[in-house]
Amino acid sequence: MTIILSKDFEFDAAQALPHFPDGHKCHNLHGHGFKVTISVRGTVDEATGLLYDHAVISDAMKPVLEQLDHVYLNDVVGLENPTIENISRWIWEKLAPQLAGLYEIVLHETPRARCVYRGE
């Protein structure tokens, strides 16, 4: 049986989007309460009934969240232009080497605005 297993995380951060035009509200310093969903895809081990222990995903995300939570994202190396598209790819690059089967990252910057990234 092949499944997709997901786990949600949250972080709060400030940002400014320097490539937006002057006068656009996102060009200015602002903040969000971000929600990120990390999904892995794979075959369930028939003996254990598991694909992943959720703790494996949490352990991989811990150092990522430490770099993102309550910071000015523009100061994070690689996030000088911290759009949700770029943040999603940045998170993927941090997780992919340690999360076999990483399938998808969904990053919400508001309850109604999000980005889906699948490492492509």
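The structure this text deals with has already been given above.
1. A word on the overall build of the chain
Counting secondary structure elements, the chain contains 2 helices and 4 strands. Traced from its N-terminal end to its C-terminal end, the chain shows the element sequence β-β-α-α-β-β. Taking the principal axes of its C-alpha atoms as reference, the chain extends roughly 60 × 25 × 25 Å. Here the chain holds 120 residues, and 39% of them are scored as buried. Here the contacts in the chain between residues at least 6 apart in sequence split such that 63% fall between residues at least 24 apart. Total accessible area computed for the chain in this model is approximately 6,900 Å², and 50% of it derives from carbon and sulfur atoms. Taken as two groups, the 10 positive and 17 negative side-chain charges of the chain have centres that lie 5 Å from each other.

2. Quick notes on the nonpolar core
Judged by nonpolar contacts, the single largest core of 30 residues is most densely connected at Val36, Ile38, Met61, Ile91 and Leu95. Of all the elements in the fold, those that place two or more residues in this core are β1 (2–15), β2 (30–43), α1 (54–68), α2 (84–95), β3 (102–110) and β4 (113–117). When sequence neighbours within four positions are dropped, the list of residues in contact with methionine 61 reads Phe9, Val36, Ile38, Ile91 and Leu95.

Quick notes on the rules
Residues numbered from 1 in each chain as written. Predicted model: local features only at pLDDT ≥ 70, side-chain atom pairs only at ≥ 80, totals over all residues. Heavy atoms only, no water. Helix = DSSP H or I, 4+ residues; strand = E, 2+ residues; numbered from the N terminus. Buried < 20%, exposed > 50% of the residue type's maximum accessible area, 1.4 Å probe, protein only. Contact = heavy atoms within 4.5 Å. Areas by Shrake-Rupley, 256 points an atom, 1.4 Å probe, with all protein chains shown as cover. Lys, Arg positive; Asp, Glu negative; His and termini not counted. Charge placed at Lys NZ, Arg CZ, Asp CG, Glu CD. Core = buried A, V, L, I, M, F, W, Y, C linked by side-chain atoms within 4.5 Å.

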